[in-house]
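Chain by chain, the residues run as shown.
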Amino acid sequence: MVEEKQILTKNMRDSKYSGDLKAYKNAGGFNALDTVIRKMKPEQVLELVKASDLRGRGGAGFPTGVKWSFMPKDTGKPSYLICNADESEPGTFKDHLIMMRDPHLFLEGMIIGCYTIDCNTGYIYIRGESQTAIAIMEKAIGELYKDKLLGQNVMGSKYSLDLYVHPGAGAYICGEETALLDSLEGKRGQPRIKPPFPAVSGYNSCPTSVNNVETLACLPYIINEGPEAWKAMGTPNNSGTHMVCISGHVEKPGVYEVEMGVSLLEMINDLAGGVRNGKKLKAVIPGGASANILKADEADVPYEFDALMKAGTMMGSAAVIVFDEDTDMVEVASRTIRFFNHESCGQCTPCREGTFWLKNMIRDFLDNAGDEAKMQRVERVSANLIGTTICPFGDATGGPMGTFIGKFPEDFRKHFA
Amino acid sequence: MVGFSNSVIKEVDELFSRYPVKVHALLPLLHLAQRVNDGWLPSGWDAYVADLCDTTVNHVRGVITFYNMFHTKPVGRHHIMVCTCLPCGLCDGDKLLTHLEERLGLHPGQTSADGLFSLEEAQCLAACDKAPLMMVNDKLHENLTLEQVDNWIEQARKKK
Ligand SMILES: Cc1cc2nc3c(=O)[nH]c(=O)nc-3n(C[C@H](O)[C@H](O)[C@H](O)COP(=O)(O)O)c2cc1C
Ligand code: SF4
Ligand code: FES
C-alpha cells in the first residue's frame, strides 16, 4: 500500500492554511533561512545540498548541488538564479500547486539557493497564462520585502537579494532552460547551442543556474532536518519525496506526494483510486508527453529516476498520464504530435519538418487511410528526431511517437485503408 | 492613440528597473501594451515598444509572432482558451470545444462579430486534474459540465 507523505505538502494539505507570510511563519517557516543566513557560509550550504543527493524536479533529474558547484566564482560578473516556473509539460501541475498554496515555502527555498550561489538578483519565470499564480507570487514577494526577508540586508545580514517575477507568453519550449534564458532576455524562446552551459554563460552572459520550483521547495526541509533525514526517504541516488501529478482515466486525478521509488502501478491504484469506471488499465505515460509510454504489464516499476530510465522511459516532470482499455493509441499519438508540432521552435530541420510530417501521417491513420508502409515511415521519421537536434525536444518527440507504434501496432492496423 | 499614458509609464519604468538591459523587459511590456488595448496589439505598438526599449521593430515583430499570447488582431472581450491537450483530451476536452463552437458559432482562431467572444484551442494549461476546462482571459473554469458552460455564456451575453 503506497502512502502519501507530507514533507513538501505539509502546509497546503491543511484546508485552513492561507499561505500568507504569517501563516507560513506560524508553521515554522523561515527557520531554515535563519540558520543559513546566521550560521552558514554559502560553501557549507552547497556541501549540505550535495550531501542530500537532491536531484532536479524539472525533468532531467540533474543533481542540484553538482549543478551549483559548476558555477565559476570571482568572474567579476553577477551570478543569477532563475526559477523555472514555466510548467508546460502536458500532464504537469505540481509547481502551480506549490505557488498557489504555499508560495513562501518555495520562496524560502529560492532565497536559500540564491545565497548559496552568491546571487543578488533572481527571476521567477512563470508561464504567461497563469495570471493567478503571477499575482500570488508578486504579493508574496511584496510581503517578504516588507518583512526585510528580501531587499537590502536580508534578515539584518550583509546579504542582499532582489527577486522578480517574469511572465512568459505562451510557448512550451521556454521551459527548456536556455530557451527560457533567451525569453527572459526579451527574445524568441529558442534553445541555445551548448556549450557554453548556463553555469558559465547564462542570463546576460553571466553564470546562471536554472532550477525548478519544486526543487527549490525541497531546500528548507533539507536545511532544517539535515541531508540524512532527506536521504532516509526514497531510494539510493533517488532521495527524498516528490510531488506526482496523476491525470487521465483515473478516479481521483491530482497531486500526490510520495517517497521516490514506490510502485507506479500501486500509486495509480492506491492514491488515484485506480482506472475510473472500473475499466482495465491499458497503458501509462510516467513522465509527461515527452516520456515513452509503458504498457499495463510494464507499469509495476519503482517510480524513480533510475528505474524508469532502465525501463526505457523517464520520470521527467513526474506527470503520470493513465489510459484505460478503450483508449485508441492512434488518438493519443495524434494529440501528442499536434502538441509537439505546435510547439517546435523551428530551428532544427529534423524537428521542424519531422513534427510536421508526423502530424500529417498520423492524420492519415485517423482518416482510416493507414498502411504498413506508413507505419514504417512514422517509425523512421521518429527515429530521425532522436539525437539530431539542438535541444532534447527532438528526443522527446521521436521517442514517444516511435513507442506508440512499437508497443501498440494493432491499434494502428485498425486504421488501415 | 499609440503610446502609454503617463500613469502607465510609471509601471514601464518600474519594469525597466528590474533588468540589467532594457530590452529584457520586452515580454512584460508587450503584455502591458495588450492590457491597455483590449487584449491585442494594434498597428504601431510594435514600433512604439521597440523604441521604448532600444531595439528594432523587426526584433519586436519576431517576438510577437513567436509567442501564442500576443495577438495582432482583435480578440473578444471574453477570450476563451479550451484545453484539448493530451490529459484533457482523455477527459472530454474535445466535447467542450465542440460545444462552444456550436453555441458561439465560432471556430478556433475566430472572434464573434459583436466582439464579445473569441475562441482558441489551448495546449496544456497545467491544471489537467481539473479537466475539462477552459481559461477565459485570466480565469480558469474547471471541471466544467456543458450546462455550466451554457450558463456562463448566457451571463456573459447579459453583462454585455
Ligand atoms: C522541451 C523542454 C521543456 C521543459 N519544460 C520545463 C518546465 O516547464 N519546467 C521545468 O522546471 N523544467 C523544464 N524543462 C527542464 C529544464 O530545461 C531544466 O532542466 C530544469 O528547469 C532545471 O531545473 P531542475 O534542475 O531543478 O530540474 C524542460 C526541458 C525541455 C527540453
Ligand atoms: S529540437 Fe525542436 S524545439 Fe529544440 S531547438 Fe531544435 S527545433 Fe527547437
Ligand atoms: S492537458 Fe489540459 S490542462 Fe493539462
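Reading guide: rules and limits
- Residues numbered from 1 in each chain as written.
- Chains lettered and ligands numbered in written order.
- Predicted model: local features only at pLDDT ≥ 70, side-chain atom pairs only at ≥ 80, totals over all residues.
- Heavy atoms only, no water.
- Helix = DSSP H or I, 4+ residues; strand = E, 2+ residues; numbered from the N terminus.
- Rg over C-alpha atoms; globule rule 2.2 N^0.38 Å.
- Buried < 20%, exposed > 50% of the residue type's maximum accessible area, 1.4 Å probe, protein only.
- Contact = heavy atoms within 4.5 Å.
- Areas by Shrake-Rupley, 256 points an atom, 1.4 Å probe, with all protein chains shown as cover.
- Lys, Arg positive; Asp, Glu negative; His and termini not counted.
- Charge placed at Lys NZ, Arg CZ, Asp CG, Glu CD.
- Near = heavy atom within 4 Å.
- Nonpolar A, V, L, I, M, F, W, Y, C, P; charged D, E, K, R; others polar.
- Domains from an automatic or database assignment.
- Salt bridge = Lys/Arg side-chain N within 4 Å of Asp/Glu carboxyl O.
- Phe/Tyr/Trp six-rings, centres within 6.5 Å; stacked < 30°, edge-to-face > 60°.
- Lys NZ or Arg CZ within 6 Å of the ring centre and 35° of its normal.
- Core = buried A, V, L, I, M, F, W, Y, C linked by side-chain atoms within 4.5 Å.
- pLDDT = per-residue confidence, 0-100.
- Pairing = 2+ DSSP bridges.
- Axes fitted to C-alpha atoms, helices over the stretch in contact; angles between N-to-C directions.
- Parallel < 35°, antiparallel > 145°, perpendicular 65-115°, else oblique.
- Left-handed = near helix turned anticlockwise from the far one by under 90°.

To continue, consider the overall build of chain A. Helices and strands together make up the secondary structure of chain A, namely 18 helices and 13 strands. Here the C-alpha atoms of chain A give a radius of gyration of 22 Å, agreeing with the 22 Å that 2.2 N^0.38 yields for 417 residues. Seen along its three principal axes, the alpha-carbon backbone of chain A occupies a region of about 75 × 45 × 35 Å. Residues counted as buried form 60% of the 417 residues belonging to chain A. In chain A, 70% of the contacts between residues at least 6 apart in sequence involve partners at least 24 apart. Summing over all exposed atoms, chain A offers an accessible surface of approximately 15,500 Å²; the carbon and sulfur share of this is 50%. For chain A, the distance from the average site of its 45 positive side-chain charges to the average site of its 53 negative ones is 3 Å.

Residues in close proximity to ligand 2 total 13 residues, the closest being A:C345, A:C348, A:C351, A:T389 and A:C391. A per-class count over the shell around ligand 2 returns eight nonpolar, five polar and no charged.

On to the domain arrangement of chain A, then. All names here are of chain A. Segmentation of chain A into domains returns domain 1 (21–231), domain 2 (236–324) and domain 3 (329–413). Of note, the centres of domain 2 and domain 3, computed from C-alpha atoms alone, are 23 Å apart. Listed as interface residues are 12 residues of domain 2 and, on the opposing side, 12 residues of domain 3. Across the domain 2-domain 3 interface, the total number found is two salt bridges.

The subject of this paragraph is the packing of aromatic side chains. Within the structure shown, the criterion is met by 23 aromatic pairs over all chains. An angle of 35 degrees between the planes, with centres 5.9 Å apart, marks the rings of A:Y123 and A:Y164 as tilted. Here A:Y164 lies in strand β3 (residues 162–167) and A:Y123 lies in strand β2 (residues 119–126), a separation of 41 residues in the sequence. Judged by relative accessible area, which is 1%, A:Y123 ranks as buried. Looking at A:Y164, the relative accessible area reads 15%, which means it is buried. Centroid distance A:Y221 to A:W230: 5.9 Å. Interplanar angle 55 degrees. Geometry classified as tilted. Residue A:W230 is classed as buried on the basis of its relative accessible area of 0%. Taken together, A:Y80, A:Y123, A:Y164, A:Y203 and B:Y19 form an aromatic cluster joined through their ring pairs. Here the basic side chain of A:K295 rests over the ring of A:F408, its NZ or CZ set 5.9 Å away from the ring centre. Over the ring of B:F16 we find B:K22, and its NZ or CZ is 5.0 Å from the ring centre.

Residue and element names in this part refer to chain A. Membership of the largest hydrophobic core comes to 156 residues, with the highest contact counts inside it found for F106, I124, F323 and F412. Among the elements that make up this core, the one with the highest residue count is helix α6 (residues 103–116) (eight residues). If sequence neighbours within four positions are ignored, F412 has contacts with M329, V330, A333, I362, F365, M375, F404 and I405. By size, the runner-up hydrophobic cluster in this structure holds 26 residues, among which are I246, V284, L294 and L308.

In this model, chain B carries a mean pLDDT of 97, and residues with pLDDT of at least 70 account for 99%. For this predicted complex, the interface confidence comes out at an ipTM of 0.97, alongside a pTM of 0.98.

Before going further, it helps to spend a moment on the pairing of strand β1 (residues 78–83) of chain B. Residues and elements named next belong to chain B. Counting buried residues along β1, six of its six residues qualify, which places the element largely inside the surrounding structure. The alternating pattern of β1 places H78, I80 and V82 and H79, M81 and C83 on opposite faces, both of which are buried. Two strands pair when backbone bridges link them, and β1 and strand β2 (residues 117–122) are joined in this way by six bridges, in the parallel orientation. By the bridge assignment for β2, H78 is matched with F117. Across three bridges, β1 lies against strand β3 (residues 134–136) in antiparallel orientation. Note that in β3 the partner of M81 across the bridge is M135.

With that settled, the discussion passes to the packing of α6(A) against helix α7 (residues 131–146) of chain A. All names here are of chain A. At a closest axis distance of 10 Å, the pairing of α6 and α7 adopts a crossing angle of 60 degrees. The angle between α6 and α7 falls in the class oblique. The crossing of α6 and α7 is right-handed. Across the interface between the two elements, P103, H104, F106, L107 and I111 of α6 pack against I136, M137, A140, I141, E143 and L144 of α7. Taken together, the residues that form the contact of α6 with α7 break down as nine nonpolar, one polar and one charged.

What follows concerns the domain arrangement of chain B. Structurally, chain B comprises domain 1 (6–66) and domain 2 (78–158). Between domain 1 of chain B and domain 2 of chain B, the C-alpha centre-to-centre distance is 29 Å.

So, about the sheet that holds strand β4 (residues 208–212) of chain A. Residues and elements named next belong to chain A. The four strands lie next to each other as β3-β2-β1-β4, forming an open sheet whose pairing is parallel. Edge strands, defined here as strands with exactly one partner in the open sheet, are β3 and β4. Strand-to-strand twist of the sheet, defined as the mean angle between neighbouring strand axes without regard to direction, takes the value 20 degrees. Where β2 and β3 come together, six bridges link them in parallel fashion. Residue I124 lies in a different strand from β3, and its bridge partner there is V165. With respect to the sheet, α6 is in contact with β1 (79–85), β2 and β3, its orientation differing from that of β2 by roughly 140 degrees.

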